[in-house]
Amino acid sequence: MSLLSQLFFLILLGVSAFFIGRRILQIRKNILLGKEEDRTDQPQRRLKTMLLVAFGQKKMFKRPIAAFLHLLIYVGFLLINLEVLEIVLDGLFGTHRLFAPLLGSFYPVLINFFEFLVVGVIFSCVVFLIRRHVLKISRFTKIEMKGWPTMDATLILVIELVLMVAILAMNGADQVLQTKAVAGYPVTGAFFFSSIFIPLFEPLSANTLIIIERVAWWGHIAGIFAFAYYITYSKHLHIFLAFPNTYFSNLKEKGEIKNMDNVTNEVKSMLGLPADPPPAEIPRFGAKDINDLSWKHLMDAYACTECGRCTDSCPANTTGKVLSPRTIMMKTRDRAEEVGESIRKGGAGLEDGKSLYGDYINKEELLACTTCNACVEACPITIDPLSIIIEMRRYMAMEESSTPQSWNAMFQNVETSFAPWKFPPTDRFNWAQDVKAKISDQ
Ligand code: SF4
Ligand code: SF4
């Protein structure tokens, strides 16, 4: 590799690192627009959850075929990066196949293993494209998937296919160059899958082959840098965020609804029980916008893969209601992006006259939720759409008082009769009178 190529590679690496780093910091800022929440307790249990759910893909295996295909892409992504490391080092040092002399006869074994993974990734991407565009699996064709979300998913699969084919083309051309004893292409041994290109490449001249090998090499690495930047705008961000997201999962019992500390405090004060001192600023009850949600809610939104497993399990969605837990996550992310972008440009930010509630997620969606927890259970990376819904319903009930009449009657009954039904607590055991009478007659 010439000095000019090395310099160009260094510039490409630096520019890519700058843009990717800037975007990562922006996402971090957007997530931190949410309120504080302590998720640092029980570190061992958290680590175990992350290892099982994110590394081990535990929840994915509820759907074994999709899980197997996803596993091929996931393992491919993790391990092929070792080959990418060699490519980056070659680019920086101006070498070619830097690891070959170091690893000796193990080198072709390793490259063959990577090629096996490459073929696995190609196979999975093709099947995933068929599932989306030929079989049209229902969770991929729901209303919220129209337009950009489907385009995003398709682009990801197509880019991965192109990147994988570039590796095979690069290795194929390299092998022919090795047999022609071209300078700079040391003999490394045969590569199994990329040898399918050999009959195609063999009749070509050494110069043409070098061009093919270099185009595939540069295409692959530049494609990876561009893809890494694109990911930060895509649902594919889950490949990184799934790990912290599962680490900071909600460890409480399934279905346990988080108490509102400020309300508990208020009630304690009314009852004369010891209570925390009231905060200087009266907080908003529930969530109207993203800054009323916690940072974990916003991280959930950025980690969402838009797989639709939650919506597929949602009874409200299944029965034709407008609610889709996947949409709740997508809209939360859209709003965080909008506010973050506005702040970055010195705009109105949260004060832009819009809010998550009303402009992105409407009342009808929130009222349709049965709080069954099925969406939380279904999510492969422990995202919790229900808690966002609950926070927004709290805003509706406690700040807007705009809940339906039937709910208001229930709230009143809970307050006055300590039960959802309108009868005094003293009558609660009336139903047992007959039973008591029968027992005493015996
Ligand atoms: S908790 Fe609500 S959003 Fe989640 S599955 Fe049940 S009804 Fe759907
Ligand atoms: S919340 Fe979870 S289950 Fe629902 S679409 Fe996102 S990743 Fe999939």
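Computed from a prediction, not measured in an experiment: that's the story for all the values here. (Residues numbered from 1 in each chain as written. Chains lettered and ligands numbered in written order. Predicted model: local features only at pLDDT ≥ 70, side-chain atom pairs only at ≥ 80, totals over all residues. Heavy atoms only, no water.)

*Asks:* Tell me about the site of ligand 1, and name the residues and values.
*Replies:* The local shell around ligand 1 holds 13 residues, among which Cys314, Cys369, Thr370, Cys372 and Cys375 are the closest. Elements represented by at least two residues in the shell around ligand 1 include exactly helix H17 (374-378) and helix H18 (385-400). (Near = heavy atom within 4 Å. Helix = DSSP H or I, 4+ residues; strand = E, 2+ residues; numbered from the N terminus.)

*Asks:* Can you tell me about the site of ligand 2, naming the residues and giving the values?
*Replies:* Every residue near ligand 2 is listed here: Cys304, Thr305, Glu306, Cys307, Gly308, Arg309, Cys310, Arg326, Met329, Cys379, Pro380 and Ile383. Contributions of two or more residues to the shell around ligand 2 are made by helix H12 (309-313) and helix H14 (325-344). Within the shell around ligand 2, the residues separate by chemical class into seven nonpolar, two polar and three charged. (Nonpolar A, V, L, I, M, F, W, Y, C, P; charged D, E, K, R; others polar.)

*Asks:* Please give an account of the nonpolar core that cites residues and values.
*Replies:* Side chains that are nonpolar tend, in soluble globular proteins, to be buried together. Among the nonpolar cores identified, the biggest contains 90 residues, and Ile221, Leu323 and Met392 are the most heavily contacted of them. For this core, the leading source of residues is helix H6 (residues 148-179), giving twelve residues. Apart from the residues lying within four places of it in its own chain, the contact partners of Ile221 are Phe9, Val84, Ile87 and Val88. (Core = buried A, V, L, I, M, F, W, Y, C linked by side-chain atoms within 4.5 Å. Buried < 20%, exposed > 50% of the residue type's maximum accessible area, 1.4 Å probe, protein only. Contact = heavy atoms within 4.5 Å.)

*Asks:* Explain unusual backbone geometry residue by residue, including any values.
*Replies:* One non-glycine residue, Gln57, lies in positive phi territory at about 55 degrees. The phi torsion at Ala181 lies on the positive side, around 55 degrees, for a residue other than glycine. By relative accessible area, which is 66% here, Ala181 ends up exposed.

*Asks:* Provide a residue-level description of a nonpolar patch on the surface, including the pertinent values.
*Replies:* Nonpolar side chains collect at one region of the surface, where Leu4, Leu7, Leu10, Ile11, Val15, Phe18 and Phe19 lie side by side and expose about 690 Å² of accessible area between them. Note on placement: Leu4 falls in helix H1 (residues 3-31). The exposure class of Leu4 is exposed, given its relative accessible area of 67%. (Patch = residues over 30% accessible without salt bridge, like charges linked within 9 Å, V, L, I, M, F, W, Y side chains within 5 Å. Areas by Shrake-Rupley, 256 points an atom, 1.4 Å probe, with all protein chains shown as cover. Salt bridge = Lys/Arg side-chain N within 4 Å of Asp/Glu carboxyl O.)

*Asks:* Lay out the pattern of salt bridges in plain terms, naming residues and giving numbers.
*Replies:* Applying the stated criterion across every chain yields a total of 18 salt bridges. With its nearest N and O atoms 3.4 Å apart, the salt bridge here joins Arg63 to Asp312. Of the two residues, Arg63 sits in the loop between helix H2 (43-55) and helix H3 (64-93) while Asp312 sits in helix H12, which places them 249 residues apart along the sequence. What makes Arg63 partly exposed here is its relative accessible area of 30%. Here Asp312 falls in the partly exposed class, since its relative accessible area comes to 29%.

*Asks:* Help me get a handle on the UniProt feature "transmembrane region" (unreviewed entry) in the protein, residues and values and all.
*Replies:* The UniProt entry lists residues 6-25, 65-89, 109-130, 151-170, 182-203 and 215-233 under the feature "transmembrane region" (unreviewed entry), expressed in the numbering used here. Counting secondary structure, residues 109-130 comes out at 100% helix and 0% strand; the distance between its end C-alpha atoms is 32 Å. (UniProt positions renumbered as here; feature names shortened; annotations may be inferred.)

*Asks:* I'd like a description of the side chain of Thr311, backed by residues and values.
*Replies:* With respect to the secondary-structure elements, Thr311 resides in helix H12. Side-chain polar atoms of Thr311 contact the backbone nitrogen of Arg326, separated by 3.1 Å. With residues near it in sequence (within four places) discarded, Thr311 still touches Lys142, Glu144, Asn317, Ser324, Pro325 and Arg326. (Polar contact = N/O pair within 3.5 Å; in protein donor to acceptor, adjacent residues only side chain to side chain.)

*Asks:* Give me the lowdown on the packing of aromatic side chains, citing residues and values where you can.
*Replies:* Scanning all chains against the criterion turns up 17 aromatic pairs. Between Tyr247 and Phe248, the ring centres sit 5.0 Å apart and the planes meet at 90 degrees, which makes this aromatic pair edge-to-face. Put simply, the rings of Phe8, Phe9, Trp217, Trp218 and Phe225 touch in pairs and so form one group of aromatic residues. Above the face of the Tyr233 ring, Arg23 is positioned so that its terminal group lies 3.8 Å from the ring centre. A cation over a ring is seen here: Arg132 above Phe140, with NZ or CZ 4.0 Å from the ring centre. (Phe/Tyr/Trp six-rings, centres within 6.5 Å; stacked < 30°, edge-to-face > 60°. Lys NZ or Arg CZ within 6 Å of the ring centre and 35° of its normal.)

*Asks:* Outline the environment of Phe191, supporting the account with residue identities and numerical values.
*Replies:* Relative to the helices and strands, Phe191 resides in the loop between H6 and helix H7 (198-201). The exposure class of Phe191 is buried, given its relative accessible area of 1%. Distance from Phe191 to Asn171, taken between C-alpha atoms, is 7.3 Å for residues 20 residues apart in sequence.

*Asks:* Break down H2 for me, with residues and values.
*Replies:* Since the α-helix packs 3.6 residues into each turn, any two residues three or four apart lie on the same face. Among all positions of H2, only Arg46, Thr49, Met50, Val53 and Ala54 are buried. The arc enclosing the buried residues of H2, seen along the axis, measures out at 100 degrees, which places them on a common side. Exposed residues on H2 whose side chains face more than 90 degrees from its buried face are Gln44 and Lys48. On its buried side, H2 packs onto H3 and helix H9 (238-247). Backbone geometry just downstream of H2 places Gln57 in the positive-phi region, at approximately 55 degrees. (Arc of directions from axis to C-beta.)

*Asks:* Pulling in residues and values, what's your account of the environment of Pro420?
*Replies:* With respect to the element layout, Pro420 can be found in the loop between helix H19 (405-417) and helix H20 (433-441). Here the alpha-carbon distance between Pro420 and Gly286, two residues 134 residues apart in the chain, equals 21 Å. Apart from the residues within four sequence positions on either side, Pro420 is in contact with Met410, Asn413 and Val414.

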